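# Secondary and tertiary structure notes
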Amino acid sequence: MSAALAGPDGGLRCPWALATEDYVTYHDEEWGRPVHGDDALFERLSLEAFQSGLSWLTILRRRPGFRAAFDGFRIASVAAFTEDDRARLLADPGIIRNRAKVDATLANARVLAEWSPGELDELIWSHAPDPASRPAPRSLTEVPAVTDESTALSKALKKRGLRFVGPTTAYALMQACGLVDDHLADCVARRS
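Note that the structure is a prediction, hence the values are computed from the model and not measured.

It is worth spelling out the UniProt feature "binding site: Zn(2+)" (unreviewed entry) in the protein chain at this point. Taking the UniProt record as the reference, the feature "binding site: Zn(2+)" (unreviewed entry) is found at C14, H27, H183 and C187. In sequence the annotated residues extend across 174 residues, while in space they remain close, none of their C-alpha pairs exceeding 10.2 Å. Note that C14 resides in the loop between β2 (12-13) and α1 (21-29). If we ignore the near neighbours within four places in the chain, the residues touching C14 are H27, D182, H183, L184 and C187. Looking at where H27 falls in the secondary structure, it is placed in helix α1. Overall, H27 belongs to the buried group, its relative accessible area being 0%.

So this is what it looks like as structure tokens:
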């Protein structure tokens, strides 16, 4: 089950997208589409970190709760969260209440609040590989979990003080934010 499969409308899609309607919508409308802006990328980076060890569907279904709890992932706002806010987050059933992940998100916001506007966007997008160097995958077995670029992005983010940004999380971010197009070759959502 690694090649593109027909979806509810008959269009071929990446097999993972057909597990639930939530995935179909996410796959067709968001995953692999270019994302820019520091706050938008902070949200995606944070959600990918929260996903570590869990199903993306768990995160996707709780995304409204995450957005409410983290004030829309506005870096300046999250960077100003207090110890009371941290306690509120750890008690919020609308998010994943993992202490290490909550603490990393708060710490990352504080680090990013010191950066210049657009600096996170520029750093992340500077690690996008040349699309010509990546042939369209024909099956899920051809989609990597880690690449040289995601390893370099992870190192760059860690060097700048960010946490919970390992190479696998960095690659998932690259996929979700359109730095790479890992939609299968026959997928209706593939850009090229």
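Next up on the list: the side chain of S46. Along the chain, S46 falls in helix α2 (residues 38-51). The exposure class assigned to S46 is buried, which follows from its relative accessible area of 4%. Discounting chain neighbours no more than four positions away, the residues touching S46 are F73 and T105.

This part covers the packing of aromatic side chains. Ring pairs (aromatic) are described by centroid distance and by the angle formed between their planes. Tallied over the entire structure, the rule returns 10 aromatic pairs. The interplanar angle of 15° and the centroid separation of 6.4 Å between the aromatic rings of F70 and F81 together place this pair among those described as stacked. Of the two residues, F70 sits in the loop between α3 (56-69) and α4 (75-79) while F81 sits in the loop between α4 and α5 (83-90), which places them 11 residues apart along the sequence. A relative accessible area of 0% means that F70 is categorised as buried. Judged by relative accessible area, which is 9%, F81 ranks as buried. The residue whose ring lies beneath R160 is W115, and the NZ or CZ to ring-centre distance is 4.0 Å.

About the criteria used
Residues numbered from 1 in each chain as written. Predicted model: local features only at pLDDT ≥ 70, side-chain atom pairs only at ≥ 80, totals over all residues. Heavy atoms only, no water. UniProt positions renumbered as here; feature names shortened; annotations may be inferred. Helix = DSSP H or I, 4+ residues; strand = E, 2+ residues; numbered from the N terminus. Contact = heavy atoms within 4.5 Å. Buried < 20%, exposed > 50% of the residue type's maximum accessible area, 1.4 Å probe, protein only. Phe/Tyr/Trp six-rings, centres within 6.5 Å; stacked < 30°, edge-to-face > 60°. Lys NZ or Arg CZ within 6 Å of the ring centre and 35° of its normal.

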